[in-house]
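What the coordinates show
Listed below are the residues making up each chain.
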Amino acid sequence: MNRSARVQKLLAEMPPAEKLGQLQIVFRPRHDDAAELIREGLGSIFWPRSAAATNALQRVAVEETRLGIPVLVGLDVIHGQRTIAPVPLAQAASFDPSLVEELAALAAAEARSGGVTWTFSPMVDVARDPRWGRVVEGFGEDVHLTSVMGRAMVRGYQGDDLAGRHAIAATAKHFVAYGQPEGGRDYNAVDVSEHRLRNIYLEPFRAVVDEGAAAVMASFNTVAGVPMHANRRLMTGVLKDEWGFPGVVVGDAEGVRNLLPHGIAEDLTDAASQAFRAGLDVEMGGAPSEVADALLSAIDPARLDDAVARVLALKESLGLFDSPYASETDELTAPTDAGRALVRRAAARSSVLLKNDGTLPLGARARVLLTGPYADSTDHLGAWTQSFGADAETIAGAFVARRPDVEVRVVPGVDFLGEDASGIPAAVAAARASDVVVVLVGEPSALSGEAASRSDLRLPGRQEQLIREIAGTGIPFVVVLETGRPLVVSDWIDLAETVVVAWHGGTEAAAAIVDVLLGDVDPAGRLPMSWPRSVGQIPIHYAHENTGRPATTGGSLSAETADIGLHGPANVADKYTSKYLDLELGPEFPFGHGSGYATFAHAPATLSASSISGAELDGGATLSLSLEVANTSARTGDEVVQVYVEDVVASVAPPVRRLVAFERRTIEPGRTTQFEFEIGRDQLGFWAVDAAPPAFVVEPGLFRLHLGATLASTQAVDLRVV
Ligand code: NOJ
C-alpha cells in the first residue's frame, strides 16, 4: 500500500513503543486519566465531551508529545449526535437511501463540530433473528437493502472529503456474521457455511468497503469456532487481501481480551499477538498499557508498521495533522430548525402502515383518546443515543399543540413493563366517550440494542390486554407501535384493523407520529424484517432456500391432525411438507410489507429484451425493466417498487426470491410515473464457493423478475440468460 511522505517519515521516527500507542483506542476514560494517557502516547480515545474539552485533549497530543501526532476521537454516533434520527432499522424501513445519507450527514456535522472524528457506524450485520436486540442498529434481514443503506450512511458520514469540517470516518461493523448468533443471544457463537458467509453476511461489507468506509470493526462472535478478533482468514485473507481494504480494522470493546474466555488464548500476550497477526490494527479497550506491553513482545515489525501506517493515514485523511482542532465557536450544541425538520420527516417516512381500514388518517374527529404507555412518554430516542441527544416530547403534547380544536383525553392505562392493569378500566371508560382511540404501545428503548436479546417478543407488561379491552368497546381505534425490533403481535392483531409501526423515531418522533395520524405525511415505509407469528418460527426471512418439500398450507393442530402419526391417513394433503403443525405458513407480516394512504395501479412491466448472453453481462451490459405506476387516489402518496429475482434453476438451491432493486417515489394524484431498473450481472449473479477464491457467477438459464409494491403483490417477467 502506498504511504504518504508524512506517514513514512513518522514511521521512521517512531520507536516500537510509540507505534504501539497508535494501535489503541481507550473507551470510558476517566476525565483526569485522559490527558495522561495521551501524554504517554495513546493514539485514539473515546471522548464524549464538548469541542473545548476535546481541543484541550488534542492540544496535549499535538503540543506535549514528541511527534505531535493528533488523536482520533471516537464515539458511537449511531443515529444522530444532538438531533436524534430514527433508529437505523427504521431508517431502513424508509426505503429511501438519500434520506439515510442526509441523516448521516447531519449526524456527522454535529459530531465533528464537537471534535469527534470517528464513528462506529454503520452496522451492516444482516440480521434474521429479532430476538437479537441489536437488530435495531442495522438495516434488517436483506442483503441488498443493507448494502444500499450502508453505502448511503457511509457517504453521509464521510462526504466527498474526510478532511471536510462536516465529515467523520465511518466504521462498518461488526465483521462478520455477528447478526446471526445462536438462539438470538447477543455475543453468541455463529457457525455459518461459506455459501451463506459469501452471499449473505460478507456482501454488505464488500459494498461499504467499495464505498470507501474508513474502518471496519471486528465482531465479538466466533465463525466456525474461530473468534473474529483472531480470524486471519477473514480479516486479512478476505477483507484486506482479496478486497484490498486500505483502512483500519478496529477491535470491538475488549474483544482482544475476550479471546481468553473464548478459550483460544493463554494470556493477554497470546491474545494480542493472535489478534494483530490475524489483521487487527487497533485494539479497543479500557486498559491500554497492558495490551501494549503484551504486544511489544509479540508483533512482527512489518505487521506493526502496516497497522500504524493505516492509523496515521486515517488521521491524515481527516486533515488532523494540518487542522487538529474543532472550532469552538461553530460547535453545534443543539438541534437546528432544519435538523429537526429533517429527522421529523425521516421519522414519518420510516413509519410502516401494517393495515388500515380507513381509520387513518384521523380526519375530523371531535374527541380523541390517546392511551397506552407511549401516550405521555418521552422514550422515543431508541437505543444508542448517549447523553448528547436532544430530548423528545410526548405524543400527547405534540397532538394537543397541533390540534387545539380537538378534545384530547390522555389516559395511558398501563405502563410499559408492569403487571398492574388497574388503570385499564379508566382507559376503557374514556374510549367510550371518544370518537376514536389511538393506542400508543410498544417496546421501550431499553429493550433493544446491545445485550438486549429477548426470548419473548410480545408487547411487554399488560399492553396487549389494553389493546384487547379497547377493541372490546367497538370504538374505532388505531394501534401505533414503537419498537426497535419486529414484535410478535399474533395474540391481538386480528382485533385491530389499523396498525402503524413508528419504531423509535428520535428527537422529533412525537411530532412525526402526529403528522402520520393526521395524514400530513404518507407512512409508506416497508418492513425491513419479517414479523414472525411466533418466536418458535425464528429465524424467519423471505429469502430462504426452498426445501425439497415446500408446504402449501400451514399446520393447524386439532384433534384430527394430532391423531395423524407416521402411518396416518394418506389423504391428508401436505402432511410430509416443511411447516409447523401449529402455525400458519409464513410470517405475520413479510419483509417489504406496508402500504400508505394513497392507492396505486401498476401497469404490466416490460423488459428491454427477453434474453441476454453471459458474455454480454460480463461485458457490463444491462437490461432495462420498466413499470408505469399511476396514483389512482385523490391524494399525493408514496409508492415503493421492489424488484426480486428468482433464479429458477441454479447449481445450488437459490433463495426463493432475492431483492435486487427498489425505489420509493412520491406521486401526485392522478399522475402516472415510470420506474426503471437496470438488470445486469450484479442482480443476477451469486458467489459460487466451490472455486478458490470464490467467484461471482451468472449461470445460464431462466430467471423470473418479480416486481410490485410488496412481496405479496408482485407481477413477473421472465428473462433467459444464454
Ligand atoms: C461494543 C459494541 O459491540 C460496538 O458496536 C461499539 O462500537 C463498542 N462497544 C464501543 O462502544
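Anyway, here's the lowdown on the structure attached to this text. Along each chain, residues carry numbers from 1 onward, in the same order as the chain's sequence is written. With pLDDT at 70 or above as the cut-off, local features in this predicted model cover only qualifying residues; side-chain atom pairs require 80 or more to be listed or tallied, and sums for whole chains, interfaces and linings still use all residues. Note that the side-chain values use all heavy atoms of the structure and ignore hydrogens as well as water.

Below, the discussion takes up the side chain of T83. Strands are runs of DSSP state E lasting at least two residues, helices are runs of H or I lasting at least four, and both sets are numbered from the N terminus onward. Turning to its location among the elements, T83 is positioned in the loop between β3 (72-75) and α5 (88-93). By the criterion applied in these results, polar contacts are pairs of N or O atoms within 3.5 Å in which, for protein atoms, one can donate a hydrogen and the other can accept it, and in which residues neighboring in sequence qualify only through two side-chain atoms. Only 2.4 Å separates the side chain of T83 from the side chain of E110, close enough to count as a polar contact. When near neighbours in sequence (up to four residues on either side) are disregarded, T83 contacts L106, E110, P335, G339, R340, V343 and T507. Any two residues whose heavy atoms approach within 4.5 Å at even a single point are treated as in contact.

Bringing the site of the ligand into the picture now. Only a single heavy atom is needed: when it lies within 4 Å of a molecule or strand, its residue is near that molecule or strand. Taken together, 13 residues are adjacent to the ligand, and D76, R134, K173, H174 and D252 come closest. At 2.6 Å, a side-chain N or O of R134 approaches an oxygen atom of the ligand. Accessible surface area values rest on a Shrake-Rupley calculation with a 1.4 Å probe, where residue burial reflects the displayed protein chains alone. Burial of the ligand by the protein amounts to 93% of the accessible area it has alone, namely 300 Å². Of the residues that constitute the shell around the ligand, the class distribution is seven nonpolar, one polar and five charged. Classes in brief: Ala, Val, Leu, Ile, Met, Phe, Trp, Tyr, Cys and Pro nonpolar; Asp, Glu, Lys and Arg charged; the others, Gly included, polar.

We now examine the pairing of strand β21 (residues 637-647). A 1.4 Å probe rolled over the protein chains alone gives each residue an accessible area, and that area as a share of the maximum for its type sets the label: buried under 20%, exposed over 50%, partly exposed in between. For β21, the buried fraction is high: eleven of the eleven residues fall into the buried class. Here β21 shows a buried face lined by G637, E639, V641, V643, V645 and D647 and a second buried face lined by D638, V640, Q642, Y644 and E646. Here β21 runs beside strand β22 (residues 658-667); their pairing, made up of nine bridges, is antiparallel. Bridging from a neighbouring strand, V643 pairs with A661 of β22. Any two strands are treated as partners once DSSP identifies two or more bridges connecting them. Here six bridges tie β21 to strand β26 (residues 701-708), and the two strands are oriented antiparallel to one another. In the sheet register, V643 faces β26, and the bridge partner there is L707.

Next up on the list: the pairing of β26. With seven of eight residues buried, β26 is to be regarded as a mostly interior element. Bridge count between β26 and strand β27 (residues 714-721): eight bridges; the pairing is antiparallel. Paired with L702 across the strands is R720, a residue of β27. Hairpin connection, β26 to β27: the antiparallel pair is bridged by five residues.

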